[in-house]
Amino acid sequence: MCELANLFEIPLIAIPWEVNFGDITRVLLTHFVESQYRFMELPQALNQELLCIVLRKASCKRFATAFPALSVSPPQSATNRSIR
């Protein structure tokens, strides 16, 4: 079995019988889903900021000044924005 795993470059792990595979899967999937949400936060924040700028008929210069802050800090809720 090790030879096949090496051949196809698939990681092979040994799990003791006492360990519930469902517990392992739950932890891994939770971590994966949370990382996907974090990955999606920035585009959503940028989209929300662009929408706010368009609705307020503000200039793109406001977005240009807000973009660095959005790309570094975690996104704020729409009710907690500092750009007006």
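Reading guide: rules and limits
- Residues numbered from 1 in each chain as written.
- Predicted model: local features only at pLDDT ≥ 70, side-chain atom pairs only at ≥ 80, totals over all residues.
- Heavy atoms only, no water.
- Helix = DSSP H or I, 4+ residues; strand = E, 2+ residues; numbered from the N terminus.
- Contact = heavy atoms within 4.5 Å.
- Areas by Shrake-Rupley, 256 points an atom, 1.4 Å probe, with all protein chains shown as cover.
- Buried < 20%, exposed > 50% of the residue type's maximum accessible area, 1.4 Å probe, protein only.
- Expected span 1.5 Å × (residues − 1).
- Bend = angle between axes of the 7 residues up to and from the residue.
- Polar contact = N/O pair within 3.5 Å; in protein donor to acceptor, adjacent residues only side chain to side chain.
- Salt bridge = Lys/Arg side-chain N within 4 Å of Asp/Glu carboxyl O.
- pLDDT = per-residue confidence, 0-100.
- Patch = residues over 30% accessible without salt bridge, like charges linked within 9 Å, V, L, I, M, F, W, Y side chains within 5 Å.

Undergrad: Help me understand the overall build of the protein chain, please; the structure alone is not making it clear to me.
TA: Helix and strand counts for the protein chain stand at three helices and zero strands. When its helices and strands are written in sequence order, the protein chain yields α-α-α. The long-range fraction of contacts in the protein chain, counting pairs at least 24 apart against all pairs at least 6 apart in sequence, stands at 41%. Just so you have it, the protein chain exposes about 7,400 Å², and 66% of that area is on carbon and sulfur atoms.

Undergrad: What's the story with unusual backbone geometry in this structure? I'm lost.
TA: Backbone geometry follows two general trends: most residues other than glycine have a negative phi, and most peptide bonds adopt the trans configuration. Its identity as a non-glycine residue notwithstanding, Glu 9 has a phi of 55°, on the positive side. By the element assignment, Glu 9 lies in the loop between helix H1 (2–7) and helix H2 (21–55). By relative accessible area, which is 72% here, Glu 9 ends up exposed.

Undergrad: Got a minute to help me understand H2 in this structure?
TA: For an α-helix, 3.6 residues make a turn, and residues three or four places apart therefore share a direction. End to end, H2 covers 50 Å across 35 residues, agreeing with the expected 51 Å (1.5 Å per residue, within 8%). At Glu 41, H2 shows its largest kink, close to 30°, and the proline Pro 43 lies no more than four residues downstream. Restricting attention to buried positions, one finds in H2 the residues Ala 45, Leu 46, Glu 49, Cys 52 and Ile 53. Backbone nitrogen of Gly 22 and a side-chain oxygen of the N-cap are separated by 2.7 Å at the start of H2; the cap is Asn 20. Lys 57 lies just past H2 and shows a positive phi near 55°.

Undergrad: I keep staring at the pattern of salt bridges and nothing clicks. Help me out?
TA: Note that side chains of opposite charge can pair when their charged atoms are close. As enumerated under the stated definition, the model contains one salt bridge in all. The shortest N-O distance in the salt bridge between Asp 23 and Arg 26 comes to 2.9 Å. One end of the pair, Asp 23, and the other, Arg 26, are both in helix H2, three residues apart, so they sit about a helical turn from each other.

Undergrad: Would you explain the confidence of the model for the protein chain in this entry?
TA: Any region with low pLDDT has predicted coordinates that should not be read closely. Per-residue pLDDT for the protein chain averages 76, and the proportion of residues at 70 or more is 70%. The weakest mean pLDDT in the protein chain belongs to helix H3 (residues 60–72) at 64; the strongest belongs to H1 at 89. Segment residues 73–84 is flagged for pLDDT under 50; beyond a separation of four residues in sequence, or across chains, it makes 16 contacts in the model.

Undergrad: Whenever I open this one, a nonpolar patch on the surface confuses me. Can you help?
TA: A surface patch of nonpolar side chains, about 560 Å² in accessible area, is lined by Phe 32, Val 33, Tyr 37, Phe 39 and Met 40. Structurally, the position occupied by Val 33 is in helix H2. Owing to a relative accessible area of 39%, Val 33 belongs among the partly exposed residues under this scheme.

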